[in-house]
Amino acid sequence: MAPGPTSGSSATCAIGVMAKAPRSGRSKTRLCPPLTPDQAALLSGAFLRDTTANILEAARSAPIAAYAAYAPRGAEALVSPHLVIGTQLVPADGDIPAPAAVEGFGRCLLQAVGGMLAQGHAAACVLSADIPTLPTRLLVQAARILLAPGDRAVLGACDDGGYYILGLKQAHARLFADIAWSTDAVAAATRARAHEIGLALVELDPWYDVDDAASLAQLCADTSGYAAPATRAVLARLTETSEAVLA
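Residues numbered from 1 in each chain as written. Predicted model: local features only at pLDDT ≥ 70, side-chain atom pairs only at ≥ 80, totals over all residues. Heavy atoms only, no water.

### Remarks on the pairing of strand 3 (residues 88–91)
Here is step 1 of the chain: Here strand 3 shows a buried face lined by Gln88 and Val90 and an unburied face lined by Leu89 and Pro91.
Here is step 2 of the chain: Of the pairings in the sheet, the one linking strand 2 (residues 64–71) to strand 3 comprises 4 bridges and is parallel in character. Bridge assignment links Tyr70 to a residue of strand 3, and that residue is Pro91. (Buried < 20%, exposed > 50% of the residue type's maximum accessible area, 1.4 Å probe, protein only. Helix = DSSP H or I, 4+ residues; strand = E, 2+ residues; numbered from the N terminus. Pairing = 2+ DSSP bridges.)

Put into structure tokens, the structure is as follows:
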């Protein structure tokens, strides 16, 4: 995909959503039930479209470059149709040299941060693909904090103990080390790692990610945050075809 107008600029902050190609039976599996595998994959694609649109909306207020950090390698053609035009691609399948303590999803996150910084950006954020309604102002805030002088990290915690965004000015591998991924201890462990290496950590307002039936219900009832038109359209369609699914 051709670089956007802000690509490679040392005065910009890259924000990359962690993207997997939406596939039935492999996307948003914790939403099944109440959704079917096909419905979960459809919603996954809508999340990617809304999240990349949200990043580009934030780029109207701050020097931000939009990315999708995708996996597996070679899946570009499967991921790209779900992204808003202007979103660049960077691989994040974890197939990189890394300290032994950086395992699993941590390797993917570290690869994404390093890949975006390698494009010449002054800072890079990894962003959850499960937060379609995240307020745009939080993306703007993350970029502005990171682009100020001095080394620091930005963390936006989720209600479930994880985080929806982590932003860095250097690829500090320690922030991804010895983390029990997909648990309620991820944000706390990340704070501890930042403290260990003496890295200033600025926290944003918390938000919720949509990864189970309860948070899906929250999404359906929520009217705050980013409008998420693609997600709302899919939810409306699912409600029309099967009222019991989102009841």
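### Describing the side chain of His121
Here is step 1 of the chain: Mapping His121 onto the fold places it in the loop between helix 3 (105–117) and strand 4 (123–127).
Here is step 2 of the chain: A relative accessible area of 5% places His121 in the buried class.
Here is step 3 of the chain: Here the side chain of His121 touches Thr12 through a polar contact of 2.6 Å, side chain to side chain.
Here is step 4 of the chain: One polar contact links His121 to Tyr67, side chain to side chain, over a distance of 2.8 Å. (Polar contact = N/O pair within 3.5 Å; in protein donor to acceptor, adjacent residues only side chain to side chain.)

### A few points about the environment of Ala236
Here is step 1 of the chain: Locating Ala236 in the fold gives a position in helix 7 (residues 229–241).
Here is step 2 of the chain: Residue class for Ala236 comes out partly exposed when judged on its relative accessible area of 39%.
Here is step 3 of the chain: Considered as a pair, Ala236 and Cys108 are 128 residues apart in the sequence and their alpha carbons are 33 Å apart.

### Here we look at the sheet that holds strand 5 (residues 153–157)
Here is step 1 of the chain: The 7 strands are arranged 3-2-1-4-6-5-7 in an open sheet whose pairing can be described as mixed. The open sheet has two edge strands, strand 3 and strand 7 (201–203), and neither has a second partner. Direction aside, neighbouring strands of the sheet carry axes that sit 25° apart on average.
Here is step 2 of the chain: Relative to strand 2, strand 1 (residues 13–20) runs parallel, the two being bridged by 8 bridges. (Axes fitted to C-alpha atoms, helices over the stretch in contact; angles between N-to-C directions.)

### A closer look at the pairing of strand 2
Here is step 1 of the chain: Most of strand 2 is tucked away, with 8 of its 8 residues classed as buried.
Here is step 2 of the chain: Side chains of strand 2 alternate between two faces, with Ile64, Ala66, Ala68 and Tyr70 and Ala65, Tyr67, Ala69 and Ala71 buried alike.
Here is step 3 of the chain: Handedness of the crossover joining strand 1 and strand 2 through helix 1 (residues 37–58): right-handed. (Right-handed = clockwise from strand over helix to strand, strands pointing away.)

### Describing the side chain of Thr136
Here is step 1 of the chain: The topology assignment puts Thr136 in helix 4 (residues 136–147).
Here is step 2 of the chain: Thr136 gets classed as buried once you look at its relative accessible area, which sits at 18%.
Here is step 3 of the chain: When near neighbours in sequence (up to four residues on either side) are disregarded, Thr136 contacts Asn54, Glu57, Ala58 and Tyr226. (Contact = heavy atoms within 4.5 Å.)

### Observations concerning the nonpolar core
Here is step 1 of the chain: Core analysis: the largest hydrophobic core is formed by 39 residues, its most contacted members being Leu127 and Tyr164.
Here is step 2 of the chain: Those elements that provide at least two residues to this core are strand 1, helix 1, strand 2, strand 4, helix 4, strand 6 (163–168), helix 6 (213–221) and helix 7.
Here is step 3 of the chain: Examining the composition of this core, we find that 7 residues originate from one element, helix 4, more than from any other.
Here is step 4 of the chain: Among all residues touching Leu127, those that are not within four sequence positions of it are Ile15, Gly16, Val17, Met18, Thr51, Ile55, Leu134, Leu139, Tyr164 and Ile165.
Here is step 5 of the chain: Of all hydrophobic cores here, the second largest spans 32 residues; its members include Val90, Ile96, Tyr163 and Ile179. (Core = buried A, V, L, I, M, F, W, Y, C linked by side-chain atoms within 4.5 Å.)

### Description of the environment of Ala213
Here is step 1 of the chain: Positionally, Ala213 belongs in helix 6.
Here is step 2 of the chain: Given the relative accessible area of 38%, Ala213 is considered partly exposed.
Here is step 3 of the chain: For the pair Ala213 and Leu31, spaced 182 residues apart in sequence, the C-alpha separation works out to 5.6 Å.
Here is step 4 of the chain: Setting aside chain neighbours within four positions, we find Ala213 in contact with Arg30, Leu31, Pro33 and Pro34.

### What about the packing of helix 1 against helix 4?
Here is step 1 of the chain: Remark: helix 1 packs on helix 4, axes separated minimally by 9 Å, with the N-to-C direction vectors making an angle of 55°. In terms of orientation, helix 1 lies oblique with respect to helix 4. Classified by chirality, the crossing of helix 4 by helix 1 is right-handed. Contacts between helix 1 and helix 4 involve Asn54, Ile55, Glu57 and Ala58 from the former and Thr136, Leu139 and Val140 from the latter.
Here is step 2 of the chain: Across the contact of helix 1 with helix 4, the residue classes break down as 4 nonpolar, 2 polar and 1 charged. (Parallel < 35°, antiparallel > 145°, perpendicular 65-115°, else oblique. Left-handed = near helix turned anticlockwise from the far one by under 90°. Nonpolar A, V, L, I, M, F, W, Y, C, P; charged D, E, K, R; others polar.)

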